[in-house]
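Examination of the molecular architecture
Given next are the chains, with one letter for each unit.
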Amino acid sequence: MGWRSVIITQHAKLSYASRMMTVQTRDGINQIPLDDISLLLIATTQAVITSALISHLAAHEVKVVFSDSMHEPICETVGYYPNNRDIDLLTTQTNWSIQRQEILWTKIIFSKIKNQLNVLSLYKKDITDIGTELERIEINDFTNREATVARKYFPLLFDTKFVRRNNSPINAALNYGYSILLSTVNQEVVTNGYLTYIGIHHHSENNSFNLSSDLMEPFRPVIDYWVAGQRFVEFTPDIKYGLVELLSLEIKFNGRKMLFKNAIIEHVRNSLKFLSGEKDYVEIEVELTNEVPNNAINDNV
């Protein structure tokens, strides 16, 4: 799997030649080895991409995310037939132990809330009102502490008048970051041969990514952390680039320093192995620093 995030922001033609993605713009021609690419974000409706390139990107397990006329992510590619998907694996997924699903969801929510408290602490916010919520989590989050914390967390982090569901630039940035995070989790779920729409907590018939929506939860606060550290009044292209660059942020996951994207990959693999009975224990420990990333690895074209 590659390591580069490539963002297409202008009128361009994308095609395939000799294991390379060729990007032709008014400024010239660039070629990028497919083996180097992890994520291709087409952040414009003025780009043309050939079917040959889409096919080869899928074969190299490159996630392609398309944007709408407002430059917001609207859909992504999902490979039909990863090399390691077989009927036995899918049978295992549909028969995951209810107990293991509940244990994993409990750990996910515990980690998410712990990370939210960490984010608030890094920004010197008063967490007195929600500091004891971790102690109240029950198996499978039966009392829905996740929602209780969320109602108080976002106004504490951003502003007392902040409302999560409106069209503010902050919400646009959060949603964009969550979309990139979801796409990265989708990529790893599919790479391991599992179906994204069979979740352990989310079970919406209208959500093709129920499982990914479950597994991404501990990492949402990383997006919140970065957005809260920016000072912006408009949702500009620079903010979008920064959110993609977050995949190259160094964090600590389960006691080891690694890139944010690698932590996501390890988390997804560990969770799938636990659900399938290959592991008897799963750890989800995310630690942030107070440093905002400034040296991400990506290409803007």
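Refer to the structure above for everything that follows.
The text that follows walks through the structure, step by step, so that each part is easy to find. Each chain has its residues counted from 1, running along the sequence as written. Totals for whole chains, interfaces and linings use every residue, but because this is a predicted model, local features are given only for residues with pLDDT of at least 70 and side-chain atom pairs only at 80 or more, for both listing and counting. Based on all heavy atoms of the structure, the side-chain values leave hydrogens and waters out of the count.

Helix and strand assignments follow DSSP, with helices taken as H or I runs no shorter than four residues and strands as E runs no shorter than two, numbered in order from the N terminus. Tracing the backbone shows Leu249 in the loop between α8 (237-245) and β9 (250-253). Per-residue accessibility, obtained with a 1.4 Å probe over protein chains only, is compared with the maximum for each type, and a residue is labelled buried under 20%, exposed over 50%, and partly exposed between these values. Relative accessible area serves as the criterion here: at 5%, Leu249 is assigned to the buried category. In this structure the C-alpha to C-alpha distance between Leu249 and Asn262, which are 13 residues apart in sequence, comes to 9.9 Å.

So, about the layout of surface pockets. Taken as a whole, the largest pocket holds about 810 Å³ of empty space. Buriedness for pockets is judged along seven lines, at least five of which must meet protein on both sides within 12 Å for an open set on the 1 Å grid over protein atoms alone, while cavities are sets there where a 1.4 Å probe fits but cannot get out, and lining residues have an atom within 4 Å of a point. Along the wall of the largest pocket there are 25 residues; nearest its centre are Arg164, Arg165, Tyr178, Glu217 and Arg220. Contributions of two or more residues to the lining of the largest pocket are made by α3 (98-122), α4 (145-157), α5 (169-191) and α7 (220-228). Considering every element that reaches the lining of the largest pocket, the biggest residue donor is α4, with six residues. Side-chain classes follow a simple rule in which Ala, Val, Leu, Ile, Met, Phe, Trp, Tyr, Cys and Pro form the nonpolar group, Asp, Glu, Lys and Arg form the charged group, and the remainder, Gly included, forms the polar group. Within the lining of the largest pocket, the residues separate by chemical class into 10 nonpolar, seven polar and eight charged. Grid points are joined across faces, edges and corners, and a volume is the space filled by probe spheres set on the points.

All right, on to the packing of α3 against helix α9 (residues 260-275) then. Between α3 and α9, the least distance of the axes is 9 Å, while the angle of their chain directions is 150°. Classified by the angle their axes make, α3 and α9 are roughly antiparallel. Of the residues in α9, those in contact with Arg100, Gln101, Ile103 and Leu104 of α3 are Ser271, Phe274 and Leu275. The residue inventory of the contact of α3 with α9, partitioned by class, reads four nonpolar, two polar and one charged. Axes here refer to lines fitted to C-alpha atoms; in helices the fit is confined to the stretch in contact. Angles between the N-to-C directions go from 0 to 180 degrees. Orientation labels follow simple angle bins: below 35 degrees gives roughly parallel, above 145 gives roughly antiparallel, 65 to 115 gives roughly perpendicular, and whatever is left gives oblique. Residues are treated as being in contact if the distance between any of their heavy atoms lies within 4.5 Å.

This part takes up the sheet that holds β9. Strand order in this open sheet of three strands is β10-β9-β11, and the pairing throughout is antiparallel. Edge positions in the sheet fall to β10 (256-259) and β11 (286-287), since each has one partner strand and no second. Its contacts with the sheet place α9 against β9 and β10, and it is angled at close to 110° to β10. Note: two strands are recorded as paired if DSSP finds a minimum of 2 bridges between them.

The next thing to look at is the pattern of salt bridges. Each salt bridge in this description consists of a side-chain nitrogen of Lys or Arg and a carboxyl oxygen of Asp or Glu lying within 4 Å of one another. Across all of its chains, the model carries 13 salt bridges by this definition. A salt bridge links Glu76 to Lys63, with the shortest nitrogen-to-oxygen separation between them at 2.8 Å. With a gap of 13 residues between them, Glu76 in strand β8 (residues 73-76) and Lys63 in strand β7 (residues 63-67) connect regions that are remote in the sequence. A residue is classified by how much of its surface remains accessible, and Glu76, at 18% relative accessible area, is buried. A residue is classified by how much of its surface remains accessible, and Lys63, at 3% relative accessible area, is buried. Between Arg145 and Glu133 there is a salt bridge; the shortest N-O distance is 2.9 Å. Note that Arg145 is positioned in helix α4 and Glu133 in the loop between α3 and α4, a separation of 12 residues in sequence. Salt bridges linked by common partners bring Lys112, Glu146, Glu217 and Arg220 together as one network.

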